[in-house]
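Residue-level structural notes
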Number of protein chains: 2
Amino acid sequence: MNFLSGALLDRCSKLRRDPEWLRIAFHDPAARILCYCNGEPLMRGGVENPEPILLSGAGNHAIEPSQAIFLGVEQGTPVFALDRPRSEDFGQGDVRAGGVPTDFREIAAMMSRPAGALLAYGRALLLWHAKHPFCSVCGSPSAPAEGGHLRRCTNESCLAEHYPRTDPAVIMLVVSGSQCLLGRQAAWPPNLYSTLAGFVEGGESLEEAVRREVQEEAGVEVGEVEYHSSQPWPFPSSLMIGFTGYARTREIRLNDSELSDARWFSREEIENQVREGSLRLPRPVSIARRMVEDWIATGSSSGPTD
Amino acid sequence: MNFLSGALLDRCSKLRRDPEWLRIAFHDPAARILCYCNGEPLMRGGVENPEPILLSGAGNHAIEPSQAIFLGVEQGTPVFALDRPRSEDFGQGDVRAGGVPTDFREIAAMMSRPAGALLAYGRALLLWHAKHPFCSVCGSPSAPAEGGHLRRCTNESCLAEHYPRTDPAVIMLVVSGSQCLLGRQAAWPPNLYSTLAGFVEGGESLEEAVRREVQEEAGVEVGEVEYHSSQPWPFPSSLMIGFTGYARTREIRLNDSELSDARWFSREEIENQVREGSLRLPRPVSIARRMVEDWIATGSSSGPTD
């Protein structure tokens, strides 16, 4: 299981449509609110031992219930998420306030899977709300409903319903014999290489998206494609769908401007260069890192199974 | 490969960002425009032998180039898609006009994979534009750019960029021993049963979405989950991601209001009841139908591989 998934949560998809049930859940003394500033969680404990700040809704007059996003019920505890532009704006409804907004990517791998998944879930929803205050059909303001899992247009002659957006992206480890293809973008930190990736477009399957993206970015033709795993990636709203792609050609041509370099690496080259510091792999939290490590762990040159 | 994928198309993802290149492609005498009315393609040949109407852009003064969506280049031919509220509004730029707007779901399985995939792709993009004339960030009008693969806010102080939306959904054949789980919604035609399905939410992997949806809709617990295949599903903007789910429990509880019935079926029951007319499976075009047929074809009770 990848990081950012594995929340131990009942999302209560049906119950959250009932405003009265939500109101009672919010005022439950056991209810907890995850706090974010502009999409980054409020944390204490530093990078080593990050712990999210959890406020209580009951009696916290700085928090308007309709602004809190209902995430679900975790072991009997209703959990909400709330975003504020400044950490000071959360009030002092709970003695444990006082955390600092923290780059979620930096800390997610230092938390348990369930804790990271919960923060990822809240982040995805909050960022969606932040980018969708208006109705895309008619331009009128829209308002959150169903605990934040819907926005409804406020214009009585429109009333369009808008659901949270999740953008599916394919991410692929392309292999050829005993080597894999990694690339880098010009803006990345020095020596960082990762798997290729890109958004799925209309009218294509995931497998087609894998082949198209590798062709576009590196000029390499991919034949067979095998599913690996998937990962929610709330930066801001992606769902990464991981595949192994088996290359039919080896020549690399950087066709579009996406990558500044792409290379074939053997397992030994990756291990040696990472040790020497001349190669950096993506963050441990990412499915990209997991796919590279899984491939190294298979130890031998594996080809397509057919 | 599922229906609605398999377009023989170079999407020219980089070139389409160049307005001058797009202008030349549109006026290429070889260029063709797929025509739609409110998202349904203009077809001739009836349900038996459906053929899309293809107009020429060059010299067709009824068509504004900026309104045409660039799909890609198919064997040297630039292909665009255009939507109009009435089929009469397309003008007569090509002698082959005169088709009728046709329910795409009814005809998609009667066409070649590439032809159906092209129509699916155009439909997904056109329906996205139809639902997004305004900027969700500030409420101002947005305008298409990059051949219709982007909408940019026209408000100079916003200029937010919006990309086409694709909603990932999981669709799963849940199996238990020699039986599979099919369900039906109250609004469906009589006797129609299909695989369970649902949209992926934030903060969950595809595998978690499979387990959550089956639990929510049928009260059945799913353990191991295996990827099957994927299918673009432009009704209006889904990407269906198919899995086999191995049930850990058998008791069916219709927890939410999504399904009106769900049952376990053996292969023989499906085949017999379909023959007798007391069971209908989903349309041949759908990944749901393909998953049921694949499972029947495996012939024996297969369990998880581990």
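Structure report, in brief. Model, not experiment: these values are computed from the prediction. (Residues numbered from 1 in each chain as written. Chains lettered and ligands numbered in written order. Predicted model: local features only at pLDDT ≥ 70, side-chain atom pairs only at ≥ 80, totals over all residues. Heavy atoms only, no water.)

**Some remarks on the sheet that holds strand β9 (residues 150-153) of chain A**
Residue and element names in this part refer to chain A. For clarity, the threshold we go by: Two strands pair under a simple rule: DSSP has to find at least two bridges between them. Secondary structure counts use DSSP, requiring at least four H or I residues in a row for a helix and at least two E residues in a row for a strand, with both numbered from the N terminus. Two residues qualify as a contact provided that any one of their heavy atoms is within 4.5 Å of a heavy atom in the partner residue. A fitted line through C-alpha atoms represents every axis, and for helices the fit uses only the stretch in contact; the resulting angles, taken between N-to-C directions, go from 0 to 180 degrees.
Here three strands make up an open sheet; going across it, the order is β8-β9-β10 and the pairing antiparallel. On the outer flanks of this sheet lie β8 (142-145) and β10 (161-162), each paired with one strand and no other. Inspection of the sheet shows β8 paired to β9 by four bridges, in the antiparallel sense. The residue bridging alanine 143 from the neighbouring strand is arginine 152, located in β9. Where helix α3 (residues 113-131) meets the sheet, its contacts fall on β8, β9 and β10, and the angle it forms with β9 comes to roughly 15°.

**Section: the relation of the copies chain A and chain B**
This is how the line gets drawn: We place the copies in one frame by least squares, fitting the C-alpha atoms of every residue whose pLDDT is at least 70 in both.
At an RMSD of 0.0 Å, chain A and chain B line up after a rotation of 180° and a shift of 0.0 Å along the axis. On this basis, the relationship between the two copies can be described by a two-fold rotation axis. For chain A, the minimum C-alpha distance to the rotation axis belongs to glycine 139 of chain A and amounts to 2.1 Å. When the interface residues of chain A are mapped onto chain B, 98% of them are again interface residues, pointing to one common binding face.

**Points about the pattern of salt bridges**
Put simply, the rule reads: Salt bridge, as applied in this entry: a Lys or Arg side-chain nitrogen positioned within 4 Å of an Asp or Glu carboxyl oxygen. Only protein chains enter the accessibility calculation, which uses a 1.4 Å probe. A residue is then buried if its area is under 20% of the maximum for its type, exposed if over 50%, and partly exposed in between.
A complete count under the given rule lists 34 salt bridges over all chains for this structure. Residue glutamate 201 of chain A pairs with arginine 11 of chain B through a salt bridge whose shortest N-O separation is 3.0 Å. Taken together, the positions of glutamate 201 of chain A in the loop between β13 (196-199) and α4 (206-218) and arginine 11 of chain B in the segment before α1 (19-27) put the pair across two chains. Of the two residues, glutamate 201 of chain A and arginine 11 of chain B, neither departs from the other in class, the shared state being buried. Ionic contacts of the salt-bridge type, sharing partners, join the residues Arg11 and Arg16 of chain A together with Glu201, Glu204, Arg212, Glu213 and Glu216 of chain B into one network.

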